[in-house]
Amino acid sequence: MGDCVRRMQSPCVLLFLQQLCKKNGIKMIREIELNNRTVKYDLQYKRVKNINLRIKPDGSISVSAHKRIPQTIIDDFLISKSDFILRALDKCESEQARVQKRYFSEDEVKNKILRLCEEVYPYYKEKGIQYPQIKFRKMVSRWGSCHTQKKILTFNTNLMYAPTECIEYVVYHEFTHFLHGNHSRKFYKELEKVFPKWKECRSKLKEINIR
Ligand SMILES: [Zn+2]
């Protein structure tokens, strides 16, 4: 089942499509002017009592209504909720802007990480660690990984959404894995020694939302 798109259809085709969507409970994409702002929402006819309005964290608006409720009533309902809807949309937008603040371009972050690796390496060299191969990948679930046997450190290019100190933390964290493979007490004790701000940076990283 796809969405019926309202635009680019002749009125007659449109009416037919609307009826079809209504009958089969398919989502329709609609637009409405609220305080001079065009707002898109999807409308789905369901077995609900009246009209339900839902705004998701990504700012998408879903309306479900009983099939007997005419469009004009739905429009009036949305207009009566204008302030609430627009406030919610503004909040979603600022939230997304905050979450996705980008500090570096992809090239910049790669160069930064390579430089940091060289900077921190002397400490590990003294402990007999061989300089690892540095790789980059876009990852969703972790900021970096360490393959101790193959001597590879992989860094998440999404670190471009992280401030410098957090990137430093990830570099130290991954290098420390060459000394302690898992997240044991010894691992954190070692990390504390070379990068005392690790806890603070770890929490900051947790706040970054990568989709
Ligand atoms: Zn780790």
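Parameters at a glance
Residue indices follow the written sequence of each chain, beginning from 1 at its first position. Side-chain atom pairs in this predicted model are given and counted only at pLDDT of 80 or more, local residue features only at pLDDT of at least 70, and totals for whole chains, interfaces and linings cover all residues. Secondary structure elements are defined from DSSP: runs of H or I of at least 4 residues count as helices, runs of E of at least 2 residues count as strands, and each element is numbered from the N terminus. To get the radius of gyration, use the C-alpha atoms; to get the globule rule, take the number of residues to the power 0.38 and multiply by 2.2 Å. Buried means a residue has 20 or more other C-beta atoms within 10 Å of its own C-beta, exposed means 12 or fewer, and partly exposed covers the counts in between; C-beta atoms are placed from the backbone. Contact definition: two residues whose C-beta atoms, as placed from backbone geometry, lie within 7 Å. For every element, the axis is a line fit to its C-alpha atoms; helices are fit only across the contacting stretch, and the angle between N-to-C directions ranges from 0 to 180 degrees. Angular relationships are summarised with four words: roughly parallel below 35 degrees, roughly antiparallel beyond 145, roughly perpendicular across 65 to 115, and oblique for the angles in between. Each crossing is labelled by how the near helix is turned from the far one, with a counterclockwise turn of less than a right angle marking it left-handed and a clockwise turn marking it right-handed. Side-chain classes follow a simple rule in which Ala, Val, Leu, Ile, Met, Phe, Trp, Tyr, Cys and Pro form the nonpolar group, Asp, Glu, Lys and Arg form the charged group, and the remainder, Gly included, forms the polar group. For the domains described, the bounds stem from an automatic or database domain assignment. When DSSP finds at least two bridges between two strands, those strands are taken to pair. Note on definitions: a nonpolar core is a set of buried residues drawn from Ala, Val, Leu, Ile, Met, Phe, Trp, Tyr and Cys, linked by C-beta atoms within 7 Å.

## As for the overall build of the protein
- Looking only at helices and strands, one finds 7 helices and 8 strands in the protein.
- Taking 2.2 N^0.38 as the reference for a compact globule, 211 residues should give roughly 17 Å; the C-alpha atoms of the protein span a radius of gyration of 26 Å, well beyond that estimate.
- In the protein, which comprises 211 residues, the share counted as buried stands at 17%.
- Of the contacts formed within the protein by residues at least 6 apart in sequence, a portion of 47% connects residues at least 24 apart.

## Quick word on the packing of helix α4 (residues 106–126) against helix α5 (residues 164–176)
- Running from N to C, α4 and α5 cross one another at 45°; their axes reach a closest spacing of 10 Å. Classified by the angle between their axes, α4 and α5 sit oblique to one another. As for the relative orientation of α4 and α5, their crossing is right-handed in sense. When α4 is examined against α5, the residues K112, I113, L116, C117, V120 and Y124 are found in contact with a partner set consisting of I167, E168, V171, Y172 and F175.
- Among the residues forming the contact of α4 with α5, the class breakdown is 9 nonpolar, no polar and 2 charged.

## What about the packing of α5 against helix α7 (residues 198–207)?
- Closest axis-to-axis distance for the α5/α7 pair is 9 Å, and the angle between their directions is 110°. By the criterion of interaxial angle, the relationship of α5 to α7 is roughly perpendicular. As α5 runs across α7, the sense of the crossing is left-handed. Note on element contacts: α7 touches α5 through W198, C201, R202, K204 and L205, opposite E165, C166 and Y169.
- In terms of residue class, the contact of α5 with α7 is built from 5 nonpolar, no polar and 3 charged.

## Topic: the domain arrangement of the protein
- You can read the domains of the protein as domain 1 (2–100) and domain 2 (106–206).
- With centres defined by C-alpha atoms, the gap from domain 1 to domain 2 works out at 46 Å.

## Overview of the sheet that holds strand β6 (residues 133–137)
- Across the sheet, which stays open at both edges, the 3 strands sit in the order β6-β8-β7 with mixed pairing between neighbours. With partners counted over all chains shown, the strands left at the sheet margins are β6 and β7 (144–147), one partner each. Each adjacent strand pair in this sheet contributes to an overall mean axis angle of 20°, direction not counted.
- The sheet contact formed by β6 and strand β8 (residues 152–156) spans 5 bridges and is parallel. Residue pairing for β8: I134 is matched across the bridge by L153.
- The sheet contacts of α5 involve β7 and β8, and relative to β7 the element is tilted by about 20°.

## Some points on unusual backbone geometry
- Even without glycine at this site, N35 takes up a positive phi of about 45°.
- Structurally, the position occupied by N35 is in the loop between β2 (28–34) and β3 (37–45).
- With phi around 65°, N36 is a residue other than glycine that occupies positive phi space.
- Within the secondary structure, N36 is located in the loop between β2 and β3.

## Points about the pairing of β7
- Bridge analysis of β7 against β8 gives 4 bridges, and the strand direction is antiparallel. Looking at the pairing, S145 lines up with T154 of β8.
- Between β7 and β8, which pair antiparallel and follow one another directly, the connecting turn spans 4 residues, one of which, K151, has a positive phi of 55°.

## So, the nonpolar core
- By size, the foremost hydrophobic cluster in this structure holds 18 residues, and its most contacted members are L159, I167, Y169 and V170.
- Of all elements in the fold, only α4, β8, α5 and α7 reach the threshold of two or more residues within this core.
- For this core, the leading source of residues is α5, giving 7 residues.
- L159 has contacts with V109, I113, W143, I167 and V170, leaving out every residue within four places of it along the chain.
- Counting residues in each nonpolar core, the second largest holds 8 residues, with Y45, V63, A65 and I85 among its members.

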